[in-house]
Amino acid sequence: MRFTAKDVCNKAITVEATKMLSDARDTMLKYNISRIIVVHNQKPVGMVTEKGISRFLYKENNDKPLDEIVISKEMRSPLVSVNYDTNIKECAKLMVDNDTSYLILKEKEDENNDGIIKLFTKSDLIKLFAENYKGKYKIDDFMTRHVITLSPSNSLHTAMKILVKERISRVVITRDSKIVGIITSKDLMPITAFSEGD
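Residues numbered from 1 in each chain as written. Predicted model: local features only at pLDDT ≥ 70, side-chain atom pairs only at ≥ 80, totals over all residues. Heavy atoms only, no water.

From N to C terminus, the protein chain includes eight helices and ten strands. Evaluated residue by residue, the protein chain yields a buried proportion of 38% over its 198 residues. For the protein chain, the exposed surface amounts to about 12800 Å²; the carbon and sulfur share of it is 49%. (Helix = DSSP H or I, 4+ residues; strand = E, 2+ residues; numbered from the N terminus. Buried < 20%, exposed > 50% of the residue type's maximum accessible area, 1.4 Å probe, protein only. Areas by Shrake-Rupley, 256 points an atom, 1.4 Å probe, with all protein chains shown as cover.)

Encoded structure:
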C-alpha cells in the first residue's frame, strides 16, 4: 500500500509570532503536545518545541524568563514542508536529513482549507508503521544500545540538563541496576516555570 503525507497529517495547533515563549509553553501544556506552529498573517513561519524551550532555559548567560521573550526570536525556522501527495518514505528521509521530527504540508492552491495548517510528526509516522507493518521488524533492529540513565535521587535540574546537552527526549531511571522508570521532556515541561532565571 502506498501511503502519502495526506494519510498521516493532522490539524496543527498554532500561536502568533508576536506572543511570548511562555504562551507557547502554556499552549503545549493545555493541548498535551510537544510542538507548536508559529504563524504570522495566518501563514506558518516557524516552530517551537519542548526541547527548544528547555535549551533556551539552559543557555549560558540566559537570565530572562519565558514571558519576556518573543516567540519569533527563539522559534526554529525555516520549516520543512512537503506536498499532500509526497510518499511517506520520502517524508521520513526528509525528517532524517533535516534533523526534524515534523513536516508541514503545503496548502493546495485549488483547495479552500480556511487557513487550517496541517503537519505530521514522527509520532504519526510511528503510528502508521505500527498499524500497517506489524511483524516486519524486531525491536533489536532499531533499539538504542547506549542508554543514559539516572537515579531516582538525581535532581530534576540534572535531568533537564542531560536532555538538553545530549539532545534526547528521555532518560531511563534505574535503582540497583534495575529499571524503575523513565522521565521525558514532556514530563518536565510543567516545571519550566520554576527553572526560569535559576
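Of note, the bond from serine 77 into proline 78 is cis; its omega dihedral lies within 30 degrees of zero at 0°. Relative to the helices and strands, proline 78 is located in the loop between helix H3 (71-74) and strand S5 (81-82). A positive phi is found at aspartate 176, a non-glycine position, where the angle reads about 55°. If you trace the backbone, aspartate 176 turns up in the loop between strand S9 (170-175) and strand S10 (178-184). The backbone of serine 177 shows a phi angle near 65°, a positive value even though the residue is not glycine. Along the chain, serine 177 falls in the loop between S9 and S10. For serine 177, a relative accessible area of 77% gives the class exposed.

This brings us to a nonpolar patch on the surface. A cluster of nonpolar side chains, Phe129, Tyr133, Tyr137 and Phe142, forms an exposed patch at the surface whose accessible area comes to about 410 Å². You can call phenylalanine 142 exposed: its relative accessible area is 57%. (Patch = residues over 30% accessible without salt bridge, like charges linked within 9 Å, V, L, I, M, F, W, Y side chains within 5 Å. Salt bridge = Lys/Arg side-chain N within 4 Å of Asp/Glu carboxyl O.)

Let's shift gears to the sheet that holds strand S6 (residues 102-105). Each strand in a sheet pairs with another by means of backbone hydrogen bonds, the pair being arranged parallel or else antiparallel. Spatially, four strands are ordered S1-S7-S6-S5 in an open sheet, and the strand pairing comes out mixed. The sheet terminates laterally at strand S1 (10-11) and S5, the two strands that pair on one side only. One ladder, built from two bridges, connects S5 with S6; its direction is parallel. Along S6, the bridge assignment pairs serine 81 with isoleucine 104. (Pairing = 2+ DSSP bridges.)

Our next topic: the packing of aromatic side chains. Summed over the entire model, instances satisfying the criterion amount to three aromatic pairs. Between tyrosine 137 and phenylalanine 142 the ring centres are 5.3 Å apart and the planes differ by 80°, which places this aromatic pair in the edge-to-face class. An aromatic cluster is present here, built from Phe129, Tyr133, Tyr137 and Phe142 joined pairwise through their rings. (Phe/Tyr/Trp six-rings, centres within 6.5 Å; stacked < 30°, edge-to-face > 60°.)

Relative to the assigned elements, isoleucine 126 resides in helix H5 (residues 122-132). Sequence separation between isoleucine 126 and valine 8 is 118 residues; the distance between their C-alpha atoms is 10.0 Å.

Quick look at the pattern of salt bridges now. A full pass over the atoms with the stated rule returns four salt bridges. For aspartate 26, the salt bridge is made with arginine 25, and the minimal N-O distance between the two is 3.1 Å. A relative accessible area of 8% places arginine 25 in the buried class. As a salt-bridge pair, aspartate 99 and arginine 167 come within 3.6 Å of each other at their nearest N and O atoms. A residue pair is termed long-range when its members are at least 10 positions apart, and aspartate 99 in the loop between helix H4 (88-97) and S6 and arginine 167 in the loop between helix H6 (156-166) and S9 qualify at 68 residues.

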